[in-house]
Amino acid sequence: MATARPVAAAAPVRRRRSLAPYLFMSPGLVLFVAFLLVPMCYALWLSLRGFRVSGPGPFGVREETFVGLDNYVAAVTSRDFLEGFGRLAVYGLIAVPLTLGLALLFALLLDATTTRAKRFSRTAIFVPYAVPGVIASLLWGFLYLPTTSPFSDVTQALGLGTIPFLSGTSLYGSVANIAIWGGVGFNMIIIYTSLRGIPVEIQEAARIDGASELQVALRVKVPLVVPALVLTGLFALIGTLQVYGEPTTLQPMTTSISQTWVPLMTIYRDAFTRDDLPLAAAASVLLAVGTLVVSVLLLRTTQRRAFGEG
Amino acid sequence: MAALDTATTPAPAPVRGRPHPRRPRAKVLPTAVLLLGALYCLVPVAWVLVASTKSRGELFSTFTFAPGTGLLENLRDLFAYGDGAFPLWAANSLVFAGVGAVLSTLVSTAFGYALAKYDFPGRNAIFYAVLGGVLLPGITLAIPQYLLMTKIGLAGTYWSVLLPSIISPFGIYLSRVYAGAAVPDETMEAARIDGAGEWRTFTAIGLPMLLPGMVTVFMLQFVGIWNNFLLPFVMLSDERHYPLTVGLYTLLAKGSGEPALYSLAIVGAAVSIVPLIALLLLLQRFWRVDLVSGGLKG
Amino acid sequence: MRTRTTAVLAACALALSLGACSSGDEPAAADGPITLDYWAWGTAQDGMVEAWNASHPDVQVRKTDAGGSTDSSAKLLTATRAGDAPDVAVVQYDTLPAMIVGGVALDISEHTDGVAEEFTDGVWSQVEFDGAVYGIPQDVGPQAMVYNEQRFAELGISVPTTWEEFRTAAEQVRAKDPESTLATFAPGEFGAFAAMAQQAGSQWWTVDGDTWTVDIDDETSREVAAYWEDLVDRGVIDAEPLLTPEWNAKLAAGKVLSWPSALWANGVINGVVPEQAGQWALAPFPQWEPGNSAVSFQGGSAVVVTTSSEHPEEAAEFAKWINTSPEGSAAQISAGQYPASLSGQELTLQSEPPVQSPQQEDYWEVAQRIAGETVPEVSWGPNVNVANSAFQDAFNEAVTEGTSFTDALAATQEAVVADMEKSGFTVDAG
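Cut-offs and rules
Residues numbered from 1 in each chain as written. Chains lettered and ligands numbered in written order. Predicted model: local features only at pLDDT ≥ 70, side-chain atom pairs only at ≥ 80, totals over all residues. Heavy atoms only, no water. Helix = DSSP H or I, 4+ residues; strand = E, 2+ residues; numbered from the N terminus. Buried < 20%, exposed > 50% of the residue type's maximum accessible area, 1.4 Å probe, protein only. Areas by Shrake-Rupley, 256 points an atom, 1.4 Å probe, with all protein chains shown as cover. Contact = heavy atoms within 4.5 Å. Axes fitted to C-alpha atoms, helices over the stretch in contact; angles between N-to-C directions. Parallel < 35°, antiparallel > 145°, perpendicular 65-115°, else oblique. Left-handed = near helix turned anticlockwise from the far one by under 90°. Buried area = accessible area lost by both parts, 1.4 Å probe. Salt bridge = Lys/Arg side-chain N within 4 Å of Asp/Glu carboxyl O. Arc of directions from axis to C-beta. Polar contact = N/O pair within 3.5 Å; in protein donor to acceptor, adjacent residues only side chain to side chain. pLDDT = per-residue confidence, 0-100. Nonpolar A, V, L, I, M, F, W, Y, C, P; charged D, E, K, R; others polar. Core = buried A, V, L, I, M, F, W, Y, C linked by side-chain atoms within 4.5 Å. Patch = residues over 30% accessible without salt bridge, like charges linked within 9 Å, V, L, I, M, F, W, Y side chains within 5 Å. Lys, Arg positive; Asp, Glu negative; His and termini not counted. Charge placed at Lys NZ, Arg CZ, Asp CG, Glu CD. Pairing = 2+ DSSP bridges.

Student: So what's going on with the overall build of chain C? Residues and values would help.
Tutor: Broken down by element type, chain C carries 17 helices and 14 strands. Buried residues in chain C amount to 59% of all 430 residues. When the accessible surface of chain C is summed, it comes to about 16,000 Å², and 48% of that surface belongs to carbon and sulfur atoms.

Here it is in structure tokens:
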């Protein structure tokens, strides 16, 4: 997997100074092992343990013992955990395409020659990136709740009643909207910078051939930014699997979001509310492995070289 | 990026005998769509700014976009809350994000530079381990990280949030991509022939070339740490160590005997996002977000 | 590839060795004042801690706000496992058994001679189990109803004394002002529902020797569930979460007329609608049987000494002092909390009515009457946290889907029993 250039040029250098790259990496490696690798192994170990009560008295004493794969069996047979994946799928089907679609649309509009107010729009669309997820969810929560929502104010004034943002099927859209709002700007910038990298001559050639601005966008620009779309798609997908903050912040405001609405919420509940760290660790391991598998599959099916070489 | 906007105006080209206008006529629909997108992104921000001017009574009783009369009082309450807890949280956030992002940038840059510019045993293994790290959900790490931190006696301290924030697999990945593209092997080789050691080659030749990439990694990490909630929430228990996200969350989630402090949380949210937006706008011309997708141009 | 495998193995070995050697050793303070860490929440704490620190220069207490009951108890469990817990902590009564099982709370019976007399038997039974004392009661939440007097008068509603009258009053409110609701049924409020079932005579957890009996869906509790299901189903009262921006806005608009909860409710209402001070009053809780006056507790908490504490004796002294001394009680009352100690409750009678109800001069008398009629004993099981979260999800779903409340109760029972069996308790399921 080595790049061709350094291999050819730097071979003798490499032998002479073999320690240098390790020294450059050493601070990062130490931190990587300490805060990623070791916790991961610890989670693996924890997932094979369990707390069991034994001893005298009504409350007994809790002891940690080895329980084998019990926690994994409990996780994969848990209705809460599995249903969470179902809801996650619905949420993802809304959030991922819309985040990418809107990001692409805005990037193309920014890049188009026929639009105005570009700098303002680009900045405005990028602003939500600076708003922490917890705060964004709170803000949208206020905008959703019938009594405090300006949207419902308008519909009520029109005699249409309030909008049930946080119940029924619109709930999925409402939760996804928070992620879309926070994510469009960043993805738009990635795609937009990719668009700016397309040589002007290619676009001009298409225009001279009589292509409209729309045709240039669809036939010339979009195919050339597919790599950027794959990357943003991957981020959106990972983000989807890790959805946690938005539904958690909205949860106290509605009866429609359970504490196990998405898998990470189940993990959090098991770890902190139910004090079953081993079960949470097992579910985390499953989720991490799942994320890895889905990501690899996505990259394989779209573009093998996307992550391989720089 | 701001500079790029005006830099590449296409040269006028005659089309079928008709003079092509230097700048095509604006079309209403695309511009309207773009402005609609801008509006969509600004509405909640506008809402929080308006809501922060409302007194506690007005918050729940007046039209949502009507400005209130309580801004000064809210600000006073906010800064007085918990013996000046809010300014402390802001300072903590600044320390976590500022120090964390600087250290993270340095660590990632050196790491990425080594991965991109050297060939050594274990290089691919390390690179794929880093890529795997990008995909790990934060929450799966937060719990074991907390347990391990307590074992070494760091839980609840600044270090427990700062140290894990420094390691950023994504930052390393970006640095590797950027170093691969920005530092030519020939330049490094020339420095070596001139007698520069590897460290000198890195600091004198590599770092200046890597600067734009470093600014980007810094910004991404700064925003990432600033917005992080779960790690400090799990690690910290002393209110005086909280960053803004956790502090504002606790304002909203006080226990049963205490009412939700919505108006404080709202004005706090408004005050905390304004500087970050300003920082982003200020720095956005220096960022090179294209390097995020740069690795994919193949 | 080999390098990676080795690294992973080495890292795992490190993790295992770290996991094996758990030590919570902190260097004990040699000379000078001892500092105790105290996790607590609520507005009353600062005053109590200040009073202690002023009179105890050798033992200084540092208070940390670790979030409300749920967040705080979750953190206590994790911190205890890590040996990082504070010396003293506030724990809600219903969570105390989970804290005992989790090894958080320390048996302090050797330091509590004679303290039991400071409290009623019912209150003391919340912290004493089989002769072991796991905490000192701080505040109690005898069930009570706060109501918007002004709106009651406007709509011509009289204060209900029984749940039957409550039903009629709810119908009247709906009929006279369809936008208003007499009260809100909050499906997430496990504590409120449990207290209503206890008031009706349910015992959700009982223990005989080492065998637990779980009775969450007993006949009495099902009747309570059916009562509320009927009101919610017919649209007579609203069902939604409490203290959301939505609910607060309705409260501010005078559309929520009462809150059957507990004595602490007055302070909460004050936090949301301070502009309605003078409109709100306190009344005894509605009864299931006319002529009865028994109420249970909703909420309320004790101060526990943790197993991690290096200074259990001083910590126990602190817990006793803030909850039974006149200085501690005074600080508590001025912040609107209702003390658990008899002397503290006595002290309230000399106090002004709280700020939300300045017009109700007999406020504290009413409060004392209510507190004197609490059911003798309420016992909580070792996994109230599981019951709480299962209850929330089941009742939220029932309200959202319009399904049966009694089924939701059965689902809660099932989750609680399954969890206890998994943990290794001997359970006789109702």
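Student: Can you lay out the overall build of chain B for me, pointing to particular residues and giving the numbers?
Tutor: Along chain B, the regular secondary structure elements total 15 helices and 0 strands. Here chain B holds 298 residues, and 58% of them are scored as buried. If you take every contact in chain B between residues at least 6 apart in sequence, the share linking residues at least 24 apart comes to 70%. Carbon and sulfur atoms provide 68% of the accessible area of chain B, an area that totals close to 11,600 Å².

Student: Summarise the packing of helix α2 (residues 20-46) of chain A against helix α5 (residues 85-117) of chain B; cite the residues concerned and give the values.
Tutor: Remark: α2(A) packs on α5(B), axes separated minimally by 8 Å, with the N-to-C direction vectors making an angle of 130°. Compared by their axis directions, α2(A) and α5(B) come out oblique. Note on packing geometry: the crossing formed by α2(A) with α5(B) is left-handed. Facing A:P21, A:F24, A:M25, A:P27, A:G28, A:L29 and A:L31 of α2(A), the residues of α5(B) in contact are B:V107, B:A110, B:F111, B:Y113, B:A114 and B:L115.

Student: Outline the interface of chain C and chain A, listing residues and values.
Tutor: Interface size is commonly expressed as the accessible surface area that is lost when the partners come together. At the interface, 45 residues of chain C touch 37 residues of chain A. Summed over both partners, the interface of chain C with chain A comes to about 3,500 Å²; 61% of that surface belongs to carbon and sulfur atoms. Among the residues chain C hides against chain A, the three largest losses belong to C:R81, C:E246 and C:K422. Together they make up 16% of the total. On inspection of chain C and its partner chain A, the count reaches 1 salt bridge. The salt bridge partner of C:K422 is A:D276, with a shortest N-O separation of 2.7 Å.

Student: Give a description of helix α9 (residues 200-208) of chain A that names residues and reports values.
Tutor: Residue and element names in this part refer to chain A. Those residues of α9 lying buried are Q203, E204, A206 and R207. For α9, the angular spread of buried residues about the axis comes to 160°, placing them on one side. Just past α9, the residue G210 takes up positive phi, approximately 95°.

Student: Explain the interface of chain B and chain A to me, and be specific about the residues and the numbers.
Tutor: Contacts between the two partners involve 113 residues from chain B, matched on the other side by 101 residues from chain A. Approximately 10,100 Å² of surface area, both sides summed, lies buried where chain B meets chain A, with 75% of it carried by carbon and sulfur atoms. The interface formed by chain B and chain A holds 0 salt bridges in total. Where chain B packs against chain A, one counts 8 residue pairs in polar contact (both at pLDDT 80 or more). In terms of residues, the side of chain B that touches chain A owes the most to one element, helix α2 (residues 28-51) of chain B, which gives 15 residues.

Student: Describe the confidence of the model for chain B, listing the residues and the values that go with them.
Tutor: Low pLDDT marks regions whose predicted coordinates should not be analysed in detail. All names here are of chain B. Put simply, chain B has an average pLDDT of 80, and 82% of its residues get 70 or more. Per-element averaging of pLDDT across chain B places helix α1 (residues 2-7) at the bottom with 33 and α5 at the top with 94. With pLDDT under 50 throughout, residues 1-21 is counted as low confidence; its partners more than four residues away or in other chains account for 24 contacts.

Student: Got a sec to walk through the packing of helix α2 (residues 45-55) of chain C against helix α13 (residues 326-334) of chain C? Specific residues and values, please.
Tutor: Residue and element names in this part refer to chain C. Running from N to C, α2 and α13 point in directions that differ by 155°, and their axes come no closer than 8 Å. When the interaxial angle is binned, α2 and α13 end up roughly antiparallel. As for how α2 packs across α13, the hand of that crossing is right-handed. Every residue of α13 that contacts α2 at G47, M48 and A51 is listed here: E327, G328, A331 and Q332. Of the residues contributing to the contact of α2 with α13, the split by class is 3 nonpolar, 3 polar and 1 charged.

Student: Which residues make up helix α10 (residues 245-252) of chain C, and what values go with them?
Tutor: Burial runs high along α10(C): 8 of the 8 residues are buried. Along α10(C), the positions that sit buried rather than exposed are C:P245, C:E246, C:W247, C:N248, C:A249, C:K250, C:L251 and C:A252.

Student: Describe the nonpolar core, listing the residues and the values that go with them.
Tutor: One broad rule of soluble globular proteins: the nonpolar side chains tend to lie buried together. Formed by 309 residues in total, the largest nonpolar core has its most connected members in C:Y38, C:L96, C:W205 and C:W228. Ranked by residues supplied to this core, first place goes to helix α8 (residues 170-196) of chain A with 15 residues. Listed in part, the 5 residues of the second largest apolar core include A:V230, A:I238, A:L299 and B:L135.

Student: Which residues make up the side chain of A:D111, and what values go with them?
Tutor: Residue and element names in this part refer to chain A. In this fold, D111 is placed in helix α4 (residues 79-111). With relative accessibility at 11%, the residue D111 sits in the buried group. Beyond its immediate chain neighbours, meaning those up to four positions away, D111 contacts Y192, L195, R196, Q203 and K221.

Student: Break down a negative patch on the surface for me, citing the residues and quoting the values.
Tutor: Taken together, the side chains of C:E352, C:E361, C:D362 and C:E365 make up a negatively charged region of the molecular surface. Relative to the helices and strands, C:E361 resides in the loop between α14 (342-348) and α15 (363-371).

Student: Could you give an account of the pairing of strand β3 (residues 88-92) of chain C, naming the residues involved and the relevant values?
Tutor: All names here are of chain C. Most of β3 is tucked away: 5 of the 5 residues are buried. Two strands pair when backbone bridges link them, and β3 and strand β13 (residues 297-305) are joined in this way by 5 bridges, in the antiparallel orientation. Residue V90 lies in a different strand from β13, and its bridge partner there is V303.

Student: Break down the sheet that holds strand β14 (residues 426-428) of chain C for me, with residues and values.
Tutor: Residue and element names in this part refer to chain C. Strand order in the open sheet formed by 3 strands is β8-β9-β14, and the pairing between neighbours is mixed. Strands with a single pairing partner mark the edges of an open sheet, and in this sheet they are β8 (205-208) and β14. The sheet shows a mean angle of 30° between the axes of neighbouring strands, taken without regard to direction. Pairing of β8 with strand β9 (residues 211-214) involves 4 bridges; the strand directions are antiparallel.

Student: Quick rundown of the confidence of the model for chain C? Include the residues and the values.
Tutor: Residues and elements named next belong to chain C. Overall, the predicted model of chain C reaches an average pLDDT of 87, with 92% of residues at or above 70. When mean pLDDT is compared element by element in chain C, helix α7 (residues 163-176) scores highest at 97, while helix α1 (residues 2-20) scores lowest at 39. Across residues 1-30, where pLDDT falls below 50, the model places 24 contacts with residues more than four positions away in sequence or in other chains.

Student: Please set out a nonpolar patch on the surface residue by residue, giving values where relevant.
Tutor: Residues and elements named next belong to chain B. The grouping of V95, V99, V102, L103 and L106 at the surface amounts to a nonpolar patch, some 360 Å² of accessible area in total. As for its position among the elements, L106 is in helix α5. By relative accessible area, which is 45% here, L106 ends up partly exposed.

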